[in-house]
Amino acid sequence: MVINQQIYHVKGLQYIIRSAETSDADELSHLRVQLDGETENLDREPGEGCMDESDFEKLIQRDTESKRNLFLVAVVHNKIGGFSRCEGNELKRFAHKVEFGVCVAKECWGYGIGKGLLQQSILWADSAGMKKMTLNVLETNKKAIDLYTKFGFEIEGVLKHDKVLSDGKYYNTVVMGRFNK
């Protein structure tokens, strides 16, 4: 699916949130590797599960054509500084919901980019008739949990000892959902 672009002004920074385009594929493949090395809040370690330009082109094309998927990018100073995806399901028993995920480059933290991507995703999901948005978040990512809660997400459960991080300790994953009634 494609949305109209939105311009944001936060703390003196202007950025645009828009639908991803196939021409973004190369930049996204490099950004994803960068993001994996900047935080342990994501699922991958640097170099794991890499997607090249062709992989991103296919993903963007599929998401653009699907009524159940949305791929957004945040453009800061003509560079992609973050992205998010909502992925739906064609199975009838799950067709009412989408799963949300977001990543923002460390240099862009603190400007509400994740919040903007979330807002646009919620607006799209609600207008597309999705009854539920789901997401998973690392238990230590309190800022994200607080943000999701402010936007109506509820904690639905906890996956215990779900991830092992660089300190060798196991951490829980918080499963959250937002219902559009």
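Since the model is a prediction, treat every value here as computed from it, not as a measurement.

Caption draft 1: The arrangement of the environment of Leu59 in detail. Of note, Leu59 is situated in helix H2 (residues 53-65). The exposure class assigned to Leu59 is buried, which follows from its relative accessible area of 9%. Residues within four places of Leu59 in sequence aside, it is in contact with Met51, Phe71 and Arg85.

Caption draft 2: Local environment of the packing of helix H1 (residues 25-38) against H2. It is at 8 Å that the axes of H1 and H2 come closest, and there the two elements cross at 115°. It follows from the interaxial angle that H1 and H2 lie roughly perpendicular. In the packing of H1 onto H2, the handedness of the crossing is right-handed. Of the residues in H2, those touching H1 at Ala25, Asp26, Leu28, Ser29 and Arg32 are Glu53, Phe56, Glu57 and Ile60. Residue composition of the contact of H1 with H2, grouped by class: 4 nonpolar, 1 polar and 4 charged.

Caption draft 3: Seen up close, the side chain of Asn172. Along the chain, the position of Asn172 falls in strand E8 (residues 170-179). Only 2.8 Å separates the side chain of Asn172 from the backbone nitrogen of His161, close enough to count as a polar contact. Excluding residues that lie within four positions of it along the chain, Asn172 makes contacts with Val137, Leu138, Glu139, Val158, Leu159, Lys160, His161 and Asp162.

Caption draft 4: Summary view of the pairing of strand E2 (residues 13-19). Taking burial as the measure, the 7 residues of E2 include 5 buried ones, the bulk of the element. Across 5 bridges, strand E1 (residues 6-10) lies against E2 in antiparallel orientation. Looking at the pairing, Tyr8 lines up with Tyr15 of E2. Turn length for the E1-E2 hairpin, with the two strands adjacent in sequence and antiparallel, is 2 residues, and the turn residue Lys11 shows positive phi of about 50°. Across 5 bridges, E2 lies against strand E3 (residues 70-76) in antiparallel orientation. Note on E3: the bridge partner recorded for Arg18 is Val73.

Procedures and definitions
Residues take numbers from 1 onward in each chain, read along the sequence in its written order. Where local features are concerned, this predicted model is filtered to residues with pLDDT of at least 70; where side-chain atom pairs are given and counted, the filter is 80 or more; whole-chain, interface and lining totals use all residues. As a rule here, side-chain values come from all non-hydrogen atoms in the structure, and water together with hydrogens is ignored. Strands here mean DSSP runs of E at least two residues long; helices mean DSSP runs of H or I at least four residues long; both are numbered from the N terminus. A simple rule labels every residue: compare its accessible area, found with a 1.4 Å probe on the protein chains alone, to the largest value its type can have, and call it buried under 20%, exposed over 50%, or partly exposed in between. Contacts were defined at the residue level, with two residues in contact if any of their heavy atoms lie within 4.5 Å. Axes here mean lines fitted to C-alpha atoms, for a helix over just the part in contact, with angles spanning 0 to 180 degrees between N-to-C directions. When an angle is under 35 degrees it counts as roughly parallel; over 145 it counts as roughly antiparallel; between 65 and 115 it counts as roughly perpendicular; any other value is oblique. When the near helix sits turned anticlockwise from the far one by under a right angle, the crossing is termed left-handed; a clockwise turn instead gives a right-handed crossing. Any residue that is not Ala, Val, Leu, Ile, Met, Phe, Trp, Tyr, Cys, Pro, Asp, Glu, Lys or Arg is counted as polar, Gly included; the first ten are nonpolar and the last four charged. Think of a polar contact as two N or O atoms within 3.5 Å of one another; within protein, one of them needs to be a possible hydrogen donor and the other a possible acceptor, and neighboring residues in sequence only count if both atoms come from side chains. DSSP bridges decide pairing: two strands pair if at least two such bridges lie between them.

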